[in-house]
Amino acid sequence: MKKSSEAFKNWLLSGSDPLEEEMIETLSDDAAEEKQAEEASPRAKKERRSLKQYLYDSGLYRPVRILSSVALCVMLIVMLMATVMDMPYFGQADTLVDSEVSEFYVKHTLEHTGATNIITGIILNFRGFDTLGESHVLFIAVCSVIILLKMTPKEEDPFLHVHSDDALDRKLEKDLILSSLSRILFPLILMFGVYIILNGNISPGGGFSGGAVIGAGLILYLSAYGYKRIQRFFTYKTFKTVSCLALLCYTSSKTFHFVTGANDIHVPISLGTPGTIFSGGLLLPLNIFVGLVVACTMYTLYTLFRKGDF
Amino acid sequence: MDLWQNLPVALIILPLACAPICSVSKPRVSRMLSLCASVFAVLMSAMLILNVSSLGTSYVYKMGEYGAPFGNELFISGAEASVSLMFSVVMALSLFAGLRRIGQEIDDSRKSLFYTVCMLLLTAIQALAFTNDIFTGFVFLEITTIAAGALIFVRSKEGSLFAAMRYMIMNLLGSGLFLLGICVFYCLTGHLLFPQMKESALLLVEGGRYVRPIAASILLITIGLAIKSALYPFHTWLPNAYSGATPAASSMLSSLVSKAYIFLLIKFLVRAVGTEAFTMTGVNDVVFIYSVIAIVLGSIDAVKEHNVRRMVSYSSVAQIGYIFMAVSYGSMTGMAAATFHIIAHSLAKAMLFPAVDRLSEVSGGNENFRDLRGSGFRAPIAGLAFVVGAFSITGIPFLGGFVSKIYIATAAHDYGGWVMLISLIALAVSTVLNVLYFLRTVLTIYRPGERYPLTRDPSKRPFVTGALMLFVLLNVALGIWGMPIMRLIETSIMAW
């Protein structure tokens, strides 16, 4: 306090204040500056650190931090609870939620998109732009994980040695139950995933859920048979090619849909007979693309977190 | 519908299609591809803004056969077009300016993925600028968040992982609050497109029903986006993230990512809530208080900082405060001033990071401002760029920052009362503090010393020099001919 008032007085009487001194220090001659900088910077650091250290050491820091965060959480909970109390009840008649939108979706999705599964009709047709973004969320997530975790081959890392394919595979060899069970299960899971994807427009499911099933199947195969076996048909290159092609096809077919729709160009894509697999126009290929992206993403995330490589 | 009206969807799809191709190509190819795509995006944005300003009104672009209220839509008016042009320009120029550093600082195996992430970021911010749908906003906000995190940790430098972790925690909290807000709003109104949301919200507010949940959802969305764009108490992740990333990534983080969030907030407040409801709920007062604290304390933090890059990062905290202060008036003039300040500050800040990097490069890689002595003579263009950027942020006439500060002050004047007084005092204090820390650095870089050579650095950096010169020109142009852009933004926001 005394110091700051002195500084203020100095400044008022056209003397110098600390900041000005610092500037003069900065702009002074080299030798002097060097000396002063050497003196000044440890001192400044020491002072700054001491203030922080003082706060940490005072013993109040931890309890105050914990108490304030608990108080903040409780406040947020109370606020959200109060909000929920005022919200309309589920199924209440006089709300705005049961608006024209949901009614339109329920009544007219079949006639406009040819999908008996309304959800697929909504996410791939009416709100197709959101879903396009959502599949790229998966793509960028997997890209980020590759940036973060994929090890470069030239790295001489002891970790790499321990986690080489052979070392990882050797651990698996003995697991008879897993390998003989997955011999039966893997084809079934794969087939089920394909079924969910292909029937996305007529029954519950679609690209996202079917892709997740296929991805889980690949993870099971990897766990049962090891890296050597799965690398016969699924490598980093496969991942890159499949997801790139699927995303490009997805983007181009959606762009075609956006542009023709917005410009009111009528496209003679037949919606087919509702209830059959080949119905709903673009929905089937879109589901397949989404499924491929999701399956690749699932498997890649797993293997990167487990081994740091493919 | 004219052919040019398809430009927004082309702006979104072009980088989106480039991203997967970048991810499978060699680094050299993906660099070429992303540079070409960003330059092409600049051309398309420029064409769009020319056409929109000659059209005079806004238009809606259906994403598919079905428009509102059933399907996704884009909404294009003068404000969106100008923000989109700024996004494309900053993306292209910061890629060019940071090209050499990207080559040095990022591992070869990660370069293609770096460009992939840049392209996805460009897509996401363009989509955030144009969207007419709050949920589309959320989807592309997720892409922006992950892309920004990747931009921070792609540089394998100690500390960058820590910075990225901190960034991720804060930003995911922000995303969560934003999503909660959307859920509450959707439960009440049953719509996700801005115009329909506004209609239903007005109906509810006028009938006096569900006012408290509406206020809560506005609060949740505002605070969520404020956390994501680093308003003062939530800014702790910012300095490490900005100063730890490679210069191109720092420019993108400060000028594209946080600005896209704020622009989405402005669109939400004006187009989905309505400014009356926003001021009625009192959320604007909360934002006002935090923004004033941000303006003063962010500047003080910058004054205390000796590392130039961290200083520039801290100045972002104060500038975000300006933008939120303009938003908090809840008036159309305030929103227009905020949008203009988004553009002016982005152009200045995206220039400062490469300029500082070049200055420290000719000073032996030191980033402490004392060590930059005489670097303005060694790298003249970078010195000029630093001076122009610093002056623009301080608010010296004939530069972009001056124009936007005038408009913010005018908006404060329109509001009147105590708020005007506090805002003007905050503006004045912050301007003085800006002068303190920027002038100190400007004086240092033009101050000769015996140990510091004054001869020009022999190394040629054509991309950095070219990009910085273009940045300088843009800043000066924005200061001198800023009026038409401001008028375009103002008329389009009035008509929103």
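Here, residues in each chain are numbered from 1, in the same order as that chain's written sequence. Chains carry letters and ligands carry numbers; both start at the beginning, A for chains and 1 for ligands, and go up in the order they are written. Given that this is a predicted model, residues contribute local features only at a pLDDT of at least 70 and side-chain atom pairs are listed and counted only at 80 or more, while totals for whole chains, interfaces and linings are drawn from all residues.

Visitor: How should the overall build of chain A be read in this particular structure?
Guide: When helices and strands are tallied, chain A shows 13 helices and 0 strands. By the criteria applied, helices consist of DSSP H or I runs no shorter than four residues and strands consist of E runs no shorter than two, each listed in order from the N terminus. Put simply, chain A runs from its N terminus to its C terminus through helices and strands in the order α-α-α-α-α-α-α-α-α-α-α-α-α.

Visitor: Sorry, what's going on with the overall build of chain B here?
Guide: Of regular secondary structure, chain B possesses 20 helices and 2 strands. Our radius of gyration is a C-alpha quantity, and the globule rule it is checked against amounts to 2.2 Å times the number of residues to the power 0.38. Here chain B has a C-alpha radius of gyration of 21 Å; the compact-globule value for 496 residues is 23 Å, and the two agree. Expressed as a percentage of the 496 residues in chain B, the buried residues total 65%. Taking as baseline every contact in chain B between residues at least 6 positions apart, the subset at least 24 positions apart corresponds to 80%. Burial is judged by counting the other C-beta atoms within 10 Å of a residue's own C-beta: 20 or more makes it buried, 12 or fewer makes it exposed, and any count in between marks it as partly exposed, with every C-beta position built from the backbone. Placing C-beta atoms from the backbone, we regard two residues as in contact once those atoms come within 7 Å.

Visitor: What is the right way to read unusual backbone geometry from this model?
Guide: Excluding glycine, residues mostly carry a negative phi; peptide bonds, for their part, are mostly trans. All names here are of chain B. Non-glycine residue tyrosine 210 carries a positive phi angle of around 50°. Turning to its location among the elements, tyrosine 210 is positioned in the loop between α7 (194-206) and α8 (211-228). Overall, the presence of 23 C-beta atoms within 10 Å leaves tyrosine 210 in the buried class. If you check the backbone angles, alanine 230 has positive phi at about 65° while not being a glycine.

Visitor: What's the story with the packing of helix α14 (residues 332-361) of chain B against helix α17 (residues 400-415) of chain B in this structure? I'm lost.
Guide: Helix-helix packing is characterised by the crossing angle of the two axes and by the distance between the axes. All names here are of chain B. Relative to each other, α14 and α17 sit at 160°, their axes nearing to 9 Å. Overall, the two elements α14 and α17 adopt an arrangement that is roughly antiparallel. Of the two possible hands of crossing, α14 and α17 adopt the one that is left-handed. Residues Thr333, Gly334, Ala337, Phe340, His341, Ala344, His345, Leu347 and Ala348 of α14 form the contact with α17, whose participating residues are Gly400, Gly401, Val403, Ser404, Tyr407, Ile408, Thr410, Ala411 and Asp414. When the residues that make up the contact of α14 with α17 are grouped by side-chain class, the tally is 9 nonpolar, 8 polar and 1 charged. Lines fitted to C-alpha atoms define the axes here, with helix axes fitted over just the stretch in contact, and angles between the N-to-C directions of these axes take values from 0 to 180 degrees. Orientation categories follow fixed angle ranges, with anything under 35 degrees roughly parallel, anything over 145 roughly antiparallel, 65 to 115 roughly perpendicular, and all other angles oblique. Handedness of a crossing is defined here by the sense of rotation of the near helix relative to the far one, left-handed for an anticlockwise turn of less than a right angle and right-handed for a clockwise turn. Residues are grouped as follows: Ala, Val, Leu, Ile, Met, Phe, Trp, Tyr, Cys and Pro are nonpolar; Asp, Glu, Lys and Arg are charged; all remaining types, including Gly, are polar.

Visitor: Would you mind showing me how to read α8(B) here?
Guide: One turn of an α-helix holds 3.6 residues; hence residues three or four places apart share an orientation. All names here are of chain B. To estimate how far a helix should extend, the number of its residues minus one is multiplied by 1.5 Å. In this model, α8 (18 residues) spans 26 Å end to end at C-alpha, consistent with the 26 Å of a helix rising 1.5 Å per residue. For α8, the tally of buried residues reaches 15 of 18 residues, placing the bulk of the element in the interior. Looking one or two residues beyond α8, the residue adopting positive phi is alanine 230, at roughly 65°.

Visitor: Just checking my understanding: could you explain the interface of chain A and chain B for this structure?
Guide: Often, the extent of an interface is quoted as the loss of accessible area on bringing the components together. At the interface, 47 residues of chain A touch 59 residues of chain B. For the side of chain A that touches chain B, the secondary structure elements donating two or more residues are α2 (18-27), α3 (30-57), α4 (61-86), α5 (100-113), α6 (118-126), α7 (128-149) and α12 (236-262) of chain A. Broken down by element, the side of chain A that touches chain B gets its largest block of residues, 14 residues, from α7(A). Here the side of chain A that touches chain B is composed, by residue class, of 24 nonpolar, 16 polar and 7 charged.

Visitor: What should I look at first to understand the environment of B:Arg28 in this one?
Guide: All names here are of chain B. Relative to the assigned elements, arginine 28 resides in helix α2 (residues 27-55). Classification of arginine 28 by C-beta neighbours within 10 Å gives exposed; the count is 10. Between the alpha carbons of arginine 28 and glutamate 65 there is a distance of 39 Å; along the sequence they are 37 residues apart.

Visitor: Honestly, the nonpolar core in this entry has me stumped. Any pointers?
Guide: Soluble globular proteins: nonpolar side chains tend toward being buried together. A set of buried residues qualifies as a nonpolar core if it consists of Ala, Val, Leu, Ile, Met, Phe, Trp, Tyr and Cys joined through C-beta atoms within 7 Å. If you look at the biggest cluster of nonpolar residues, it comprises 245 residues, and the most contacted ones within it are B:Val117, B:Ala147, B:Leu151 and B:Leu347. In terms of residue count, the dominant contributor to this core is helix α10 (residues 247-273) of chain B (18 residues).

Visitor: It is not clear to me how α2(B) should be interpreted in this structure. Could you clarify?
Guide: Residues and elements named next belong to chain B. The end-to-end C-alpha distance of α2 is 41 Å, a good match for the 42 Å that 29 residues give at a rise of 1.5 Å each. Residues Ser30, Arg31, Leu33, Ser34, Ala37, Ser38, Ala41, Met44, Ser45, Leu48, Ile49 and Val52 constitute the buried set of α2. Packing partners of the buried residues in α2 comprise α1 (7-24), β2 (73-76), α3 (78-105) and α4 (108-130). Downstream of α2 by one or two residues, glycine 56 has phi in the positive range, about 90°.

Visitor: Would you mind showing me how to read the confidence of the model for chain A here?
Guide: Detailed reading of the predicted coordinates is not advisable wherever pLDDT is low. Scored from 0 to 100, pLDDT reflects the predictor's confidence in each residue. Across chain A, pLDDT averages 81, with 73% of residues at or above 70. Throughout residues 28-32 of chain A the model reports pLDDT below 50, and contacts reaching past four residues in sequence, or to other chains, amount to 4 contacts.

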